[in-house]
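# Understanding the architecture of this molecule
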Amino acid sequence: MRRARPGAPPRGTAERALTSVGAGADFDDGSRDSGQDSPSADDAASREVNADRQPRTGRQRQNTEESRLWYITLSVSGTETPLTEVRRGLEQLAHDHPFLLTSRYAADHAEIRYWEEARDLHDAAAVALRLWGEHRSTARLPPWEIVGLEVIDRDTYHQRVAEGYGPPPAAPVGVHPY
């Protein structure tokens, strides 16, 4: 699935687009305990790999690995910009990309939190690192740079919340000042 506005791509992104990996018919919610995948009825290769319940090699795992959910926190910073412009840009980004959960902002920095679906951490981080730059012109975002990125899996996110040190519990969905 391509996450972009209809029409011509933003300048400088003709060859790149934000993408997410489709979940597929055998996607589960990550509640497996064993780490061994059960084969789907349509996937003979998967059945063959799992028939003897041996651990998969790296190449086998890469070819049949399912998508997972990753919680992304992207921090950006730069020169002071009027708060109304920052808010408008973040709201436009959230409108264009409804997967964004929450954004917090100040005159010289902002933080964006959202869920991303990807095969692995590398894919999720790559998409997150392109988000700000690729949408700077379409959402008229400030010319800030990325100064921080955190990518954690779903289990880690839920563990942090359960232990009381996850994302701020009072942070509602949307765009809000610090």
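Description of the structure in this document. For clarity, every value in this text was computed on a predicted model and none was experimentally measured.

The subject of this paragraph is helix α3 (residues 83-96). The end-to-end C-alpha separation of α3 is 20 Å, in line with the 20 Å expected for 14 residues at 1.5 Å each. Residues V86, G89, L90, L93 and D96 constitute the buried set of α3. On an axial view of α3, the arc spanned by its buried residues comes to 125°, and they lie on one face. α3 presents T84 and H95 as exposed residues on the side facing more than 90 degrees away from its buried surface. Buried positions along α3 lie against β2 (100-105), β3 (109-118), α4 (121-134) and β5 (174-177).

The next thing to look at is the sheet that holds β5. On the basis of which strands lie adjacent, the open sheet formed by five strands has the order β4-β1-β3-β2-β5 and mixed pairing. Every other strand in the sheet has two partners, leaving β4 (145-153) and β5 as the edge strands with one partner each. Taken pair by pair, the neighbouring strands of this sheet meet at an average axis angle of 15°, ignoring direction. In terms of strand pairing, β2 meets β5 through four bridges, oriented parallel. If you follow S103 over to β5, its bridge partner there is V175. Strands in contact with α3 are β2, β3 and β5; relative to β2, the strand with the most contacts, it is inclined by about 170°.

We now examine the environment of L129. Within the element layout of this structure, L129 appears in helix α4. The partly exposed category is assigned to L129, whose relative accessible area is 45%. Apart from residues lying up to four places away in sequence, L129 is in contact with I146 and L149.

Procedures and definitions
- Residues numbered from 1 in each chain as written.
- Predicted model: local features only at pLDDT ≥ 70, side-chain atom pairs only at ≥ 80, totals over all residues.
- Heavy atoms only, no water.
- Helix = DSSP H or I, 4+ residues; strand = E, 2+ residues; numbered from the N terminus.
- Expected span 1.5 Å × (residues − 1).
- Buried < 20%, exposed > 50% of the residue type's maximum accessible area, 1.4 Å probe, protein only.
- Arc of directions from axis to C-beta.
- Contact = heavy atoms within 4.5 Å.
- Pairing = 2+ DSSP bridges.
- Axes fitted to C-alpha atoms, helices over the stretch in contact; angles between N-to-C directions.

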